[in-house]
Amino acid sequence: MRIANLSGRLVLVTDDRAVDVRTASDGLFSSDPQAVYSRWEEFRAWAAQADIGPGSPFEAADLGAPAPAPRQLLAVGLNYREHVAEAGFTTPEGMPPVFTKFATSITGPVSEVTLPRGGHTDWEVELVLVVGREARRVSEADAWSHVAGLTVGQDLSERVLQMDGPAPQFSLGKSFPGFAPTGPVLVTPDEFEDPDDLELTCAVNGEEMQRGRTRDLIFSVPALIAKLSGVLTLLPGDVIFTGTPSGVGLGRTPQRWLAAGDELTSSIGGIGELRQRFVA
Ligand code: ZN
């Protein structure tokens, strides 16, 4: 199953057409895309048997984030070995570095992003998951059953602020307006042949910068859910950015940053593509 946030309303997506959930369910489910995660099991059961009709075509530019207002947005750093090396850190062992991207940075999949003045803005394509069932001290074996679905995310990062001061400022450096685009759709894990092995790519003006596979995650999706839910309670609708593969601007020689006029595309096989244009 694929769902999306079309102009602020929850839709089911089939063959690139959208069906409005509130209308198709006769009001059983709200049009609020964030509200569905607190009734996820019930929603899946309804969607599996509903006679929803063919739907209507739509534009990607009208899509919002699949989970636009999570109570918690967690992001994981240093979760691919080659990225750890290019970033100049040591490989995490017990727990990966975890930070938040503040919720005001969330946007849909197609957007224009204003570059912070005097900054070095960098790209990080990431697999993003949305929690579908409360998770507290969940085992790896049980972890996937707590995931509503997967989407594409860009963990846009302003490196000057991120690395400034006596301790890194990951959360602030990654939370400028528009720095957390996600979408275009949320895909349930059962739609993938292997949800633990998805290909991610990222390009600037058509030039490929990143290509990786989630099987190379140091902490896999189940491992992350087990680790994180061992500390805090993951709530339905929470969003987790799982880390980026190598190829970011920080790790290139010479280093490269996004500039006004650049177009960034980020994709994951079986999900879709994000498209960001940058302005001064
Ligand atoms: Zn990241």
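Numbers given for residues are sequential positions, taken from 1 along each chain in its written order. Thresholds applied to this predicted model are a pLDDT of at least 70 for local features of residues and 80 or more for the giving and counting of side-chain atom pairs; totals over whole chains, interfaces and linings are not thresholded and use all residues. With hydrogens and water stripped out, all remaining heavy atoms of the structure feed into the side-chain values.

A.B. asks: Looking at this model, I keep getting lost on the overall build of the chain. Mind explaining?
C.D. replies: Helix numbers and strand numbers start at the N terminus; a helix is a DSSP run of H or I with at least 4 residues, a strand a run of E with at least 2. When its secondary structure is counted, the chain shows seven helices and 19 strands. The C-alpha radius of gyration computed for the chain amounts to 18 Å, which stays within 12% of the reference 19 Å derived for 280 residues, consistent with globular compactness. Summarising its shape, the C-alpha atoms of the chain cover approximately 55 × 40 × 30 Å along the three principal directions. Across the 280 residues of the chain, 55% fall into the buried class. Methods summary: accessible areas were calculated by the Shrake-Rupley approach with a probe of 1.4 Å, and residue burial reflects only the protein chains presented. By element, 48% of the accessible surface of the chain is carried by carbon and sulfur atoms, the whole surface being about 11900 Å². All radius of gyration figures rest on C-alpha atoms, and the globule criterion is 2.2 Å times the number of residues raised to 0.38. Any residue under 20% of the maximum accessible area for its type is buried, any over 50% is exposed, and the rest in between are partly exposed; the area is computed with a 1.4 Å probe on protein chains only.

A.B. asks: I'm lost on the nonpolar core in this one. Help?
C.D. replies: In terms of nonpolar packing, the biggest core is built from 55 residues, with Leu 150 and Ile 271 touching the most fellow members. Take this core: its biggest share by element is five residues, from helix 7 (residues 221-229). In this structure, this core is formed jointly by two domains, domain 1 (2-58) and domain 2 (63-279), each of which donates at least three residues. For this analysis, residues touch if any pair of their heavy atoms sits within 4.5 Å. Those residues in contact with Leu 150 that sit more than four places away from it in its chain are Leu 127, Val 128, Leu 129, Trp 144, Val 185, Leu 186, Val 187, Phe 192, Pro 195, Leu 198 and Ile 271. Here, nonpolar core means buried Ala, Val, Leu, Ile, Met, Phe, Trp, Tyr and Cys residues that are tied together by side-chain atoms lying within 4.5 Å of each other. Judged by nonpolar contacts, the second largest core, of 27 residues, contains Trp 46, Leu 73, Val 128 and Leu 186. Start and end points for every domain follow an automatic or database-based domain assignment.

A.B. asks: In this structure, what is going on with the coordination of the zinc ion? I would like to understand it.
C.D. replies: Coordination angles at a metal have ideal targets, namely 109.5 degrees for four tetrahedral donors and 90 or 180 degrees for six octahedral donors. Coordinating N, O and S atoms are those within 2.8 Å of the metal (3.2 Å for Na, K and Ca), and as water is not part of the atoms, a site may appear to have fewer donors than expected. In the first shell of the zinc ion, the protein supplies Glu 124 (OE), Glu 126 (OE) and Asp 155 (OD), at 1.9 to 2.0 Å from the metal. Counting gaps between the donor residues of the zinc ion yields the pattern E-x1-E-x28-D. Residue Glu 126 is found in strand 11 (residues 125-131), and its partner Asp 155 is found in the loop between strand 12 (147-154) and strand 13 (157-158); the two are separated by 29 residues along the sequence. Under the relative-accessibility criterion, Glu 126 is labelled buried at 0%.

A.B. asks: Sorry, what's going on with the packing of aromatic side chains here?
C.D. replies: What describes a pair of aromatic rings is the distance from one ring centre to the other and the angle between the planes of the rings. Pairing of aromatic side chains requires ring centres within 6.5 Å, counting the rings of Phe and Tyr and the six-membered ring of Trp. Pairs whose planes differ by under 30 degrees are stacked, by over 60 edge-to-face, and all others tilted. Applying the stated criterion to the full structure yields seven aromatic pairs. Aromatic side chains Phe 176 and Phe 179 sit 5.2 Å apart centroid to centroid with 55° between the ring planes, which places their arrangement in the tilted category. Three or more aromatic residues joined by ring pairs form one cluster here, namely Phe 29, Tyr 37, Trp 40, Phe 43 and Trp 46. Remark: a charge is flagged as sitting over a ring if the NZ atom of Lys or the CZ atom of Arg is within 6 Å of the ring centre and within 35 degrees of the ring normal. In this arrangement the basic side chain of Lys 101 is found over the ring face of Phe 241, its NZ or CZ atom lying 5.7 Å from the centre.

A.B. asks: I tried to follow the pairing of strand 9 (residues 110-114) on my own but got confused; where do I start?
C.D. replies: Residues Ser 111 and Val 113 line the buried face of strand 9, whereas the alternating positions Val 110, Glu 112 and Thr 114 sit on a face that is not buried. Two strands qualify as a pair provided DSSP detects at least 2 bridges between them. Both strand 9 and strand 19 (residues 272-279) contribute to a ladder of five bridges, which runs parallel. The residue bridging Ser 111 from the neighbouring strand is Gln 276, located in strand 19.

A.B. asks: Can you walk me through the pattern of salt bridges in this structure?
C.D. replies: Oppositely charged side chains may form a pair once their charged atoms are brought near each other. Take a side-chain nitrogen of Lys or Arg and a carboxyl oxygen of Asp or Glu: if they are within 4 Å of each other, that pair is a salt bridge. All told, the structure shown has 17 salt bridges when counted by the stated rule. The shortest N-O distance in the salt bridge between Asp 190 and Arg 44 comes to 3.1 Å. Residue Asp 190 is found in the loop between strand 14 (180-187) and strand 15 (199-204), and its partner Arg 44 is found in helix 2 (residues 40-49); the two are separated by 146 residues along the sequence. Taking the relative accessible area as the measure of exposure, Arg 44 reaches 31% and is therefore partly exposed.

A.B. asks: For this particular structure, what's the right way to read the domain arrangement of the chain?
C.D. replies: Reports of interface size often rely on the accessible area that becomes lost once the parts have come together. Here the domain parsing of the chain yields domain 1 (2-58) and domain 2 (63-279). Centre-to-centre, using C-alpha coordinates, domain 1 lies 25 Å away from domain 2. With 14 residues of domain 1 at the interface, the matching set in domain 2 holds 23 residues. Here the buried area means the combined drop in accessible surface, using a 1.4 Å probe, for two parts upon being joined, counting both sides. Buried area between domain 1 and domain 2, summed over both chains or domains, comes out near 1500 Å², and the portion from carbon and sulfur atoms is 54%. Per-residue buried area on domain 1 facing domain 2 is highest for Arg 2, Gln 34 and Tyr 37; these three make up 45% of the total on that side. Viewed at the interface, domain 2 and domain 1 are joined by two salt bridges.

A.B. asks: In this structure, what is going on with helix 2? I would like to understand it.
C.D. replies: Given 3.6 residues per helical turn, the α-helix brings residues three or four places apart onto the same face. Within helix 2 the residues assigned to the buried category are Trp 40, Phe 43, Trp 46 and Ala 47. Buried residues in helix 2, looked at end-on, bunch into an arc of 125°, giving them a common side. Turned more than 90 degrees away from the buried face of helix 2 sit Glu 41, Ala 48 and Gln 49, all of them exposed. Looking at the buried positions of helix 2, the neighbouring elements they touch are strand 1 (2-6), strand 2 (9-14), helix 1 (21-24), strand 12 and strand 14. Each C-beta atom gives one direction from the helix axis, and the arc is the one those directions make.

A.B. asks: For this particular structure, what's the right way to read helix 7?
C.D. replies: Burial runs high along helix 7: eight of the nine residues are buried. Along helix 7, the residues that are buried comprise Val 221, Pro 222, Ala 223, Leu 224, Ile 225, Ala 226, Leu 228 and Ser 229. Its buried side turned inward, helix 7 meets strand 6 (73-76), strand 7 (98-100), strand 11, helix 4 (140-143), strand 12 and strand 17 (239-241).

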